Structure formats: C-alpha cells, structure tokens
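For reference, the chains in residue letters:
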Amino acid sequence: ACHAAGGNVVNPAKTLQKASLQRDNVFDVDALYNIVYNGQRQMPGFGETCAPRGQCTFGPRLPDEEVRAVAEYVQAQAEAS
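Residues numbered from 1 in each chain as written. Predicted model: local features only at pLDDT ≥ 70, side-chain atom pairs only at ≥ 80, totals over all residues. Heavy atoms only, no water.

J.: What am I meant to see in the side chain of Asn-8 here?
T.: By secondary structure assignment, the location of Asn-8 is in the segment before α1 (18-23). A polar side-chain atom of Asn-8 sits 2.7 Å from the main-chain carbonyl oxygen of Lys-14. Every residue in contact with Asn-8, bar those within four places of it in the chain, is listed here: Cys-2, His-3, Lys-14 and Thr-15. (Helix = DSSP H or I, 4+ residues; strand = E, 2+ residues; numbered from the N terminus. Polar contact = N/O pair within 3.5 Å; in protein donor to acceptor, adjacent residues only side chain to side chain. Contact = heavy atoms within 4.5 Å.)

Below, the structure is given as structure tokens:
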C-alpha cells in the first residue's frame, strides 16, 4: 500500500511515475529489480537473500522470478502513465 496509484506515502517525491523513475536513473528493469530485491532507503527489500536483515522485509520473501515480474510490472505501469 506504500505505492498506491504509483505514488509514495512515505516519500511523496519518490513515486513510481515515469518522470520520477527517470530522474532517479531507475527506469530500467534491472535497476528496479535491484531495488525490489535489496531495498533502498526506506523501502525494504523483498528478495530471498536480501541482506542486511534490517534493510529487508520481515514478511514473506519473493523468489527471483517474482521480483523480476514486479520490476517489469512497475516499468510497464510507469511507461503507461
């Protein structure tokens, strides 16, 4: 729910809109994958081997193919926005 409608409830300047992702140099799938897998700043990582523990979600972890699917979905949605 942190990114409802492509926004960001934690940091409103860091949205999932295309312009924001391009500004932050994370509009390609590999960069998005790394953020989803390992986390970055306030966003926790969701990858199976994400480390250090404090940077990662305390909830369920995602296998690589699901992290890749999330990254591809984010890019596709941003491209459509």
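We are not done yet, so read on.
J.: What am I meant to see in the packing of aromatic side chains here?
T.: A ring pair, where both rings are aromatic, is described by two values, the distance of the centres and the angle of the planes. The final tally for this structure, using the stated rule, is 1 aromatic pair. Here Arg-68 stacks its cationic end above the ring of Tyr-33, 4.6 Å away from the centre of that ring. (Phe/Tyr/Trp six-rings, centres within 6.5 Å; stacked < 30°, edge-to-face > 60°. Lys NZ or Arg CZ within 6 Å of the ring centre and 35° of its normal.)

J.: For this particular structure, what's the right way to read the nonpolar core?
T.: As a rule of thumb, nonpolar side chains are buried together in soluble globular proteins. Within the largest apolar cluster, 14 residues are counted, with the highest numbers of intra-cluster contacts made by Leu-21, Val-26, Leu-32, Tyr-33, Val-67 and Ala-71. Elements with a minimum of two residues in this core: α2 (29-38) and α3 (64-80). In terms of residues, this core owes the most to one element, α2, which gives 7 residues. (Core = buried A, V, L, I, M, F, W, Y, C linked by side-chain atoms within 4.5 Å. Buried < 20%, exposed > 50% of the residue type's maximum accessible area, 1.4 Å probe, protein only.)

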